[in-house]
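Residues per chain, in single letters:
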Amino acid sequence: MFAGKTTTLLHRMKSESSNGRKVAIIKSSKDTRYGLDSIVTHDGEKLPCWPLETLSSFKERIGLEAYHKLEVIGIDEAQFFEDLYDFCIKAADHDGKIVIVAGLDGDYLRRSFGVLNIIPIAESVTKLKARCELCGKPAFFTLRKTEETERELVAGADVYMPVCRKHYVSGQGVKEAARTVLETHKVQCRSLS
C-alpha cells in the first residue's frame, strides 16, 4: 500500500485517453474510501470509474456497444475481484482489449493475494514500492496497525502502514507478544472469577 498503484493507473489511463483511445476504469465496489464512482489517489487526484462487485458484470453494465468501442480497460483494487483472471483472459485474448491492472500481490500477512494469478498472462509487470514509515527505506510490506484479522479490510493510513522487512518482522513480533499478554491476562481473570 501507498506505493502509488492508483496514481500510476490514473496517469496511464489519462495518457491512453489523450492518445485518442477509448478507455474505462473499473474498481471494486468494496472500496468506498473516497467515494464510489471515482478512483482517487491519496493526493486527491481522481477519474470516474465503474464500481463493480464482479468484473463479469462489466460488459452488461456498460452495454455491448460501448464495450466493443473500448480499447483500454483499467482495473483498480484488482485483488478484490475473484474473477480477475477469467476477465483478463476474455478481455485481452478474445476481445482484443488492453487491460491495465493495479492491485496488491500480497496481504498484510504476506500471503499471495490478487494480482499474482494474472502474472503468467501479463505482457509486463511493474512492482511498485513505498517508503517505510519508520525508517524511510524501500517498503515492500504492509503492516496492519489494528487487531482485525479478516483478510480483506478496506482502509487507509488509519489501519495500514508501509514498512521495510525489518520493521514488518519486528512489528508483527510486537503485535504477537501483545496478543499473548492479553490472552494470558484473560485466562488469569477467568480463573479469579
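Residues numbered from 1 in each chain as written. Predicted model: local features only at pLDDT ≥ 70, side-chain atom pairs only at ≥ 80, totals over all residues. Heavy atoms only, no water.

A. Here's a closer look at the overall build of the protein chain. Helix and strand counts for the protein chain stand at five helices and ten strands. Put simply, the protein chain has 193 residues, and 38% of those count as buried. Put simply, the protein chain shows about 11300 Å² of open surface, and 52% of that area lies on carbon and sulfur atoms. (Helix = DSSP H or I, 4+ residues; strand = E, 2+ residues; numbered from the N terminus. Buried < 20%, exposed > 50% of the residue type's maximum accessible area, 1.4 Å probe, protein only. Areas by Shrake-Rupley, 256 points an atom, 1.4 Å probe, with all protein chains shown as cover.)

B. Structural detail: the UniProt feature "binding site: substrate" (unreviewed entry) in the protein chain. Annotation from UniProt places "binding site: substrate" (unreviewed entry) at Tyr160. Within the element layout of this structure, tyrosine 160 appears in strand 10 (residues 160-163). Residue tyrosine 160 is classed as buried on the basis of its relative accessible area, which comes to 5%. Separated by 2.9 Å, the side chains of tyrosine 160 and arginine 144 make a polar contact. (UniProt positions renumbered as here; feature names shortened; annotations may be inferred. Polar contact = N/O pair within 3.5 Å; in protein donor to acceptor, adjacent residues only side chain to side chain.)

C. Summary view of the sheet that holds strand 4 (residues 50-52). Read from one edge to the other, the open sheet built from four strands follows the order 4-1-5-6, with strand pairing classed as parallel. Whereas interior strands pair on both sides, the edge strands pair on one side only; in this sheet they are strand 4 and strand 6 (98-101). Put simply, the sheet's adjacent strands are angled 25 degrees from each other on average, direction ignored. Pairing of strand 5 (residues 72-76) with strand 6, which is carried by four bridges, proceeds in the parallel orientation. Within strand 6, the residue paired with valine 72 across the bridge is isoleucine 98. Along the sheet, helix 1 (residues 5-18) makes contact with strand 1 (23-28), strand 5 and strand 6, crossing strand 5 at roughly 165 degrees. (Pairing = 2+ DSSP bridges. Axes fitted to C-alpha atoms, helices over the stretch in contact; angles between N-to-C directions. Contact = heavy atoms within 4.5 Å.)

D. Focus on the environment of cysteine 49. Note on placement: cysteine 49 falls in the loop between strand 3 (46-48) and strand 4. Between the C-alpha atom of cysteine 49 and that of serine 28, which follows or precedes it by 21 residues, the distance is 9.8 Å.

E. Representation of the nonpolar core in the model. By size, the foremost hydrophobic cluster in this structure holds 18 residues, and its most contacted members are Ile26, Phe58, Ile73, Ile75, Leu84 and Phe87. Elements represented by at least two residues in this core include exactly strand 1, helix 2 (58-62), strand 5 and helix 4 (84-94). Element by element, the count of residues in this core is highest for helix 4, at four residues. Core analysis: the second largest hydrophobic core is formed by ten residues, Met13, Ile39, Cys49 and Val72 among them. (Core = buried A, V, L, I, M, F, W, Y, C linked by side-chain atoms within 4.5 Å.)

F. Focus on the packing of aromatic side chains. All told, the structure shown has five aromatic pairs when counted by the stated rule. Centroid distance tryptophan 50 to phenylalanine 58: 6.2 Å. Interplanar angle 80 degrees. Geometry classified as edge-to-face. By relative accessible area, which is 28% here, tryptophan 50 ends up partly exposed. Of the residues examined, phenylalanine 58 reaches a relative accessible area of 0% and is grouped as buried. Measuring from centroid to centroid gives 6.5 Å for phenylalanine 80 and phenylalanine 113, while their planes differ by 85 degrees, and the two rings are edge-to-face. A residue pair is termed long-range when its members are at least 10 positions apart, and phenylalanine 80 in the loop between strand 5 and helix 4 and phenylalanine 113 in the loop between strand 6 and strand 7 (130-131) qualify at 33 residues. The structure contains a cluster of three or more aromatic residues connected by ring pairs, namely Trp50, Phe58, Tyr67 and Phe87. Over the face of the ring belonging to phenylalanine 141 we find arginine 110, whose NZ or CZ atom lies 4.9 Å from the ring centre. Of note, arginine 144 hangs over the ring of tyrosine 108, and the distance from its end group to the ring centre comes to 3.6 Å. (Phe/Tyr/Trp six-rings, centres within 6.5 Å; stacked < 30°, edge-to-face > 60°. Lys NZ or Arg CZ within 6 Å of the ring centre and 35° of its normal.)

G. Molecular detail of the UniProt feature "active site" (unreviewed entry) in the protein chain. With numbering matched to this structure, UniProt assigns "active site" (unreviewed entry) to Glu77. For glutamate 77, the position within the fold is in the loop between strand 5 and helix 4. Overall, glutamate 77 belongs to the buried group, its relative accessible area being 10%. Residues in contact with glutamate 77, not counting those within four places in the same chain, are Ser28, Asp31, Arg33 and Ala102.

H. Geometry of helix 4. Turning to helix 4, its buried residues number three or more, namely Leu84, Phe87, Cys88, Ile89 and Ala91. Among the structural elements, strand 1, helix 2, helix 3 (64-69), strand 5 and strand 6 are those in contact with the buried residues of helix 4.

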